[in-house]
Amino acid sequence: MAMNDSVNILNSAYLAVEYIDSFLPDNPLQQPFKNAWNYMLDNYTKFQIATWGSLIVHEVSYFLLCVPGFVFQFIPYMQKYKIQQDKPETWEKQWKCFKTLLFNHFFIQLPMICGTYYFTEYFNIPYEWEEMPRWYVLVAQCFGCAVIEDAWHYFLHRLLHHKRIYKYIHKVHHEFVSPFGMQAEYAHPLETLILGTGFFIGIVVFCNHVILLWAWVICRLMETIDVHSGYDVPLNPLHLVPFYAGARFHDFHHMNFIGNYASTFTWWDRIFGTDSQFIAYKEKEKKQQLIMKKKA
C-alpha cells in the first residue's frame, strides 16, 4: 500500500511538472543543441562520444567553473567574501595543484572514463536525440545521483579521516587549509578512485541516456568547485538547493579537519552530530559580530 501511494505521488508530481512545462516558452537553444547533437552522432562513433566526449566535457567544465574563483583573488571588492581572509592563494600552491590535477585527470580519471562506452553498450544506454529525457527528468536524475554520491562520500570520507590511514591518502587533499576552486579534485590517486566511485553509483541506478553522464558531470563539478572555492558569495543559485552545504560548510572542514564530511548536503552530518563543532563555531562568530556592532 505504501509503495502504491509513493508511486501515485511521483506520477502526480510528474504530471504536474509536465503541465507546467507545457506553458513555458520554447527554449531558443533547443534547435541549435539538437542540430549539434545529431551532427555529433553522424560524425563520431559511440566510442569516441562516450570516451573523448566525456573527457572534453569534464576538462572544459572543470576549468571554466574554476575561472570565477581564480579571478576573485585579483578583485579587492571580492575579498570581503573570502572565508579565510588571512590565508590568500599563492602562485606556488596553484601551480602545484594544477600539475597534480593534470596527472589525476589523464592517468587516473581517463582510464575510468574509457569504461563509459562499455557501460553504455552493456546496459543498452541510448545516444539518440529522440530518446533524450526531458529537462525536468534530467534534473530529478541529477538530484538522485547527488543524494547517492553524498551518502557514499560521507561515510568513505569519514573513514579516510581515521587516524590509521589519514596520513597515507587523504592528507594530500588537506595540504591546503584554505581551499580554492581548482583544488576540488586535488587528491591522492587512491582517494580519486575511492571517493570517485560514488559518482558512478547514481549513473548505474538512473542512467537512461548518455546525456545524463554529462549532465551529472557538470552538476557534480559545479558543486565541488563551489564548496572548495573559498568564497561565500551572496545570491549563489546553488543555495536554492534544499539542504545544500555550501562553501562555508566545507571550508570549515579544511580549516578544522574534523566534521562536515558530506560533499553536498548537510543531513548526514546533522544525523551523526559531526557538524557540532561547525555549529559551535558559527555561534561564536555571531557573538563576536554582536560585540563588534555594540562597540561600533
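Residues numbered from 1 in each chain as written. Predicted model: local features only at pLDDT ≥ 70, side-chain atom pairs only at ≥ 80, totals over all residues. Heavy atoms only, no water.

Identification of the chain as MSMO1 monooxygenase from Circaetus pectoralis is taken from an unreviewed UniProt entry. Quoted straight from UniProt, the Subcellular location (unreviewed entry) entry for the chain says "Membrane". (UniProt positions renumbered as here; feature names shortened; annotations may be inferred.)

(A) Molecular detail of helix H4 (residues 91-113). Maximal helix bending in H4 amounts to about 35°, located at His105. The complete set of buried residues in H4 reads Gln94, Cys97, Leu101, Asn104, His105, Ile108, Gln109, Leu110 and Ile113. Buried residues along H4 sit against helix H3 (46-72), helix H5 (116-122) and helix H7 (189-206). (Bend = angle between axes of the 7 residues up to and from the residue. Helix = DSSP H or I, 4+ residues; strand = E, 2+ residues; numbered from the N terminus. Buried < 20%, exposed > 50% of the residue type's maximum accessible area, 1.4 Å probe, protein only. Contact = heavy atoms within 4.5 Å.)

(B) Broad picture of the UniProt feature "domain: Fatty acid hydroxylase" (unreviewed entry) in the chain. When the UniProt feature table is mapped onto this chain numbering, "domain: Fatty acid hydroxylase" (unreviewed entry) sits at residues 144-274. Structurally, residues 144-274 is divided into 53% helix and 0% strand, and its ends, taken at the C-alpha atoms, are 23 Å apart.

(C) Up close: the pattern of salt bridges. A full pass over the atoms with the stated rule returns seven salt bridges. Arg220 is paired through a salt bridge with Glu149; the nearest N and O atoms lie 3.0 Å apart. Of this pair, Arg220 sits in helix H8 (residues 210-227) while Glu149 sits in helix H6 (residues 135-160), and the two are 71 residues apart along the sequence. For the pair formed by Arg220 and Glu149, the shared burial category is buried. With a closest N to O distance of 2.8 Å, Arg270 and Asp275 form a salt bridge. A relative accessible area of 4% places Asp275 in the buried class. Three or more residues are tied together by salt bridges with common partners; here these are Glu149, Arg220 and Glu223. (Salt bridge = Lys/Arg side-chain N within 4 Å of Asp/Glu carboxyl O.)

(D) Fine view of the packing of helix H2 (residues 30-43) against H8. Between H2 and H8, whose axes approach to 14 Å, the crossing angle comes to 115°. Pair H2 / H8 crosses with right-handed handedness. Where H2 approaches H8, its residues Phe33, Trp37 and Met40 are matched on the opposing element by Val210, Ile211 and Trp214. Per-class residue counts for the contact of H2 with H8 are six nonpolar, no polar and no charged. (Axes fitted to C-alpha atoms, helices over the stretch in contact; angles between N-to-C directions. Left-handed = near helix turned anticlockwise from the far one by under 90°. Nonpolar A, V, L, I, M, F, W, Y, C, P; charged D, E, K, R; others polar.)

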